[in-house]
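# Commentary on secondary and tertiary structure
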Amino acid sequence: GSRAAVAGDLGVIGPTYAIKEPDMLEWIEKRVKAKVDSGEVARYQQQQTEKIKAKINNPEPLKSVSKAMKNRTLYFDPTFIVEENVDDGTGKILVPAGTVINPLDRVGLSRSMIFFDARDVTQVAFAKKFIDQRNGLVMPILVGGSYMDLMKLWKITVYFDQQSALIHKFNIEHVPAIVIQEGKR
């Protein structure tokens, strides 16, 4: 058969004590308030702000390039072969697979580029001279150093190849390096 369970107040069997542990939420709120009141939170926020500013103003230098030791000229051909048909979304083929395309047939490099390391004063001087010779029609691109400091000093936009995308695209191994369009290369 089945047994019935009965619930009821059995009374107090021994001494009882008040709960001595502090309320956890109350304790956390007191600790946070103390840190805010002491200025510790503000100091921490300021430190983090300074760290972020320093990283933005001085990005991690690229490790995939080194200082150039001799003058060399290398040519880069941007020609590529379309691997799959490119259609207009309705099935009409705009560019068939196998088409050979050189982007320089349609659009040219509007400005020269100079890649250099701003931590090296000789490279900075070389870049500045090159930019001045071309009446500023140059994209200065850093691989190390502070682009912010140079922008303030030179009063022009200075770029940083943070993801190494351009140096990989142009197969640049040493800096300073100049990229200029010559015909279709």
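This structure is a prediction, so every number in the text was calculated from the model and none was measured.

### Describing the overall build of the protein
Each helix and strand in the protein was counted, giving 5 helices and 10 strands. The C-alpha atoms of the protein give 33 Å as radius of gyration, which overshoots the globular expectation for 185 residues (16 Å, by more than 25%). The dimensions of the protein, computed from C-alpha atoms along their principal axes, are 100 × 55 × 30 Å. A buried classification covers 22% of the 185 residues belonging to the protein. Sequence-distant contacts in the protein: of pairs separated by 6 or more residues, those separated by 24 or more amount to 64%.

### Some remarks on the packing of helix α1 (residues 24-38) against helix α2 (residues 40-57)
Packing of α1 against α2 leaves a shortest axis separation of 4 Å and a crossing angle of 70°. Taken together, the axis directions place α1 and α2 in an arrangement best described as roughly perpendicular. Contact residues: Lys-35, Val-36 and Ser-38 in α1; Glu-40, Val-41 and Arg-43 in α2. Here the residues of the contact of α1 with α2 sort into 2 nonpolar, 1 polar and 3 charged.

### Observations regarding the sheet that holds strand β7 (residues 138-144)
Judged by pairing direction, the sheet is mixed, and its 4 strands sit side by side in the order β8-β7-β6-β10 without closing on themselves. This sheet does not close on itself; its edge strands, each paired only once, are β8 (159-160) and β10 (177-179). As paired strands, strand β6 (residues 112-117) and β7 are joined by 6 bridges and run parallel to one another. Each bridged residue has a counterpart across the sheet, and for Ile-114 the counterpart in β7 is Pro-140. Those strands touched by helix α3 (residues 121-133) are β6, β7 and β10, and its axis lies near 165° from that of β6.

### Considerations on the pairing of β6
Along β6, 6 of the 6 residues are buried, which leaves the element largely enclosed by surrounding structure. Burial along β6 is two-sided: Ser-112, Ile-114 and Phe-116 and Met-113, Phe-115 and Asp-117, pointing in opposite directions, are all buried.

### Digging into the side chain of Asp-117
Within the fold, Asp-117 resides in strand β6. Leaving out residues up to four positions away in the same chain, Asp-117 has contacts with Gln-123, Val-124, Val-143, Gly-144, Gly-145 and Val-175.

### Brief notes about a nonpolar patch on the surface
Together, Met-24, Trp-27, Ile-28, Val-32, Val-36 and Val-41 give the surface a local cluster of nonpolar side chains, amounting to about 530 Å² of exposed area. Counting residues per element, the nonpolar patch draws most heavily on α1, at 5 residues. Inspection of the secondary structure assignment puts Met-24 in helix α1.

### Some points on the side chain of Ser-112
Position of Ser-112 among the secondary structure elements: in strand β6. For Ser-112, the residues in contact, after removing those within four places along its chain, are Phe-130, Arg-134, Leu-137, Val-138, Met-139, Val-179 and Ile-180.

### A closer look at the packing of aromatic side chains
Evaluation of the coordinates by the stated rule reveals 2 aromatic pairs. Relative to Phe-170, the ring of Phe-76 has its centre 5.3 Å away and its plane inclined at 80°; by these criteria the two rings are edge-to-face. In this pair, Phe-76 sits in the loop between β1 (66-67) and β2 (80-81) while Phe-170 sits in the loop between α5 (165-169) and β9 (174-175), placing the two residues 94 residues apart along the sequence.

### Quick word on the pattern of salt bridges
Taken as a whole and assessed by the stated rule, the structure comprises 8 salt bridges. A salt bridge links Asp-120 to Lys-67; the nearest nitrogen and oxygen atoms lie 3.1 Å apart. Taken as a pair, Asp-120 in the loop between β6 and α3 and Lys-67 in strand β1 lie far apart in primary sequence, 53 residues in all. Residue classification places Asp-120 among the buried residues on the basis of a relative accessible area of 15%. Here Asp-117 and Arg-119 are joined by a salt bridge, their closest N and O atoms 2.6 Å apart. Looking at Asp-117, the relative accessible area reads 12%, which means it is buried.

What counts and how
- Residues numbered from 1 in each chain as written.
- Predicted model: local features only at pLDDT ≥ 70, side-chain atom pairs only at ≥ 80, totals over all residues.
- Heavy atoms only, no water.
- Helix = DSSP H or I, 4+ residues; strand = E, 2+ residues; numbered from the N terminus.
- Rg over C-alpha atoms; globule rule 2.2 N^0.38 Å.
- Buried < 20%, exposed > 50% of the residue type's maximum accessible area, 1.4 Å probe, protein only.
- Contact = heavy atoms within 4.5 Å.
- Axes fitted to C-alpha atoms, helices over the stretch in contact; angles between N-to-C directions.
- Parallel < 35°, antiparallel > 145°, perpendicular 65-115°, else oblique.
- Nonpolar A, V, L, I, M, F, W, Y, C, P; charged D, E, K, R; others polar.
- Pairing = 2+ DSSP bridges.
- Patch = residues over 30% accessible without salt bridge, like charges linked within 9 Å, V, L, I, M, F, W, Y side chains within 5 Å.
- Areas by Shrake-Rupley, 256 points an atom, 1.4 Å probe, with all protein chains shown as cover.
- Salt bridge = Lys/Arg side-chain N within 4 Å of Asp/Glu carboxyl O.
- Phe/Tyr/Trp six-rings, centres within 6.5 Å; stacked < 30°, edge-to-face > 60°.

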